[in-house]
Amino acid sequence: MTFADEWTHVKQDAAARMNLAGADGDGWGGGEGSGGLKTSKAAWTKAGSGVGSLRGTIREGLTKLEDAQQGLGAGSTGSGALQSAAAQRELHTSWKRYMENVSGRCGAIQSLLEKVGSDQLKTDQAIESEFAKLGKSYEDTPAVGGQSRGR
C-alpha cells in the first residue's frame, strides 16, 4: 500500500469517527435536517490530539534512524567509496527529511483541528480554506519510486 493510499484511508477513518462522535446530538455544524456533518468541539480537539501524538511516534522513529546511522560515519563519496555506503547515506538523508516533513505536517494539521475545536475557525468555508492552504504547503512525493534524479 502506498503512502497516498494509507493517507486516504486515515482521512476517511477520521471523518467516520468524527461523524460518530457527533451522533449523540450535542454536536454543532450542519444542524438538524441540513444533511451536514454534525461534530462536537471535543471531537475536533480529540482529532487534533491524535494527530499530535503521531509526532511523538515520528520522533521515536527519527531517534531510531539516527541511532542506526551511528558508526557508519560520513565517509567518502568519491570513487574509492563503496557505492552501497553512499547509497545508504543518501537513503538515510532522504528518510530523515521525509519524516521531519511528515512531523511538520502533523503539527500543522493538529493546529488546524484544535482551532476548529476552539471556535477559531467557525464556518465550513473557513475550515476548507485553511486545509486548502495547508495542502499547498506540503507536496507529497510520487507513490512509486520517489522523486526522479534524472538518471
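Preceding this paragraph is the structure being described.
My aim in this report is to walk through the structure given alongside it, one point at a time. Source: prediction; values computed, not measured.

**Quick word on the overall build of the protein**
- Along the backbone of the protein there are four helices and zero strands.
- Walking the protein from its N terminus toward its C terminus, one meets helices and strands in the order α-α-α-α.
- A buried classification covers 19% of the 151 residues belonging to the protein.
- Counting only contacts in the protein whose residues sit at least 6 apart along the sequence, the fraction spanning at least 24 positions is 54%.
- Just so you have it, the protein exposes about 10500 Å², and 54% of that area is on carbon and sulfur atoms.

**Some remarks on the nonpolar core**
- Formed by 13 residues in total, the largest nonpolar core has its most connected members in V51, I58, I109, L113, V116 and L121.
- Listing elements by their share of this core, those giving two or more residues are α2 (41–69), α3 (83–117) and α4 (124–137).
- It is α3 that contributes the most residues to this core, six residues altogether.
- With residues up to four places along the chain from it excluded, the contact list for L113 reads W44, A47, G48, V51 and F131.

**Topic: the environment of T45**
- Among the structural elements, T45 can be located in helix α2.
- Residue T45 is classed as partly exposed on the basis of its relative accessible area of 39%.
- Along the primary structure T45 and G117 are separated by 72 residues, whereas in three dimensions their C-alpha atoms are 5.2 Å apart.

About the criteria used
- Residues numbered from 1 in each chain as written.
- Predicted model: local features only at pLDDT ≥ 70, side-chain atom pairs only at ≥ 80, totals over all residues.
- Heavy atoms only, no water.
- Helix = DSSP H or I, 4+ residues; strand = E, 2+ residues; numbered from the N terminus.
- Buried < 20%, exposed > 50% of the residue type's maximum accessible area, 1.4 Å probe, protein only.
- Contact = heavy atoms within 4.5 Å.
- Areas by Shrake-Rupley, 256 points an atom, 1.4 Å probe, with all protein chains shown as cover.
- Core = buried A, V, L, I, M, F, W, Y, C linked by side-chain atoms within 4.5 Å.

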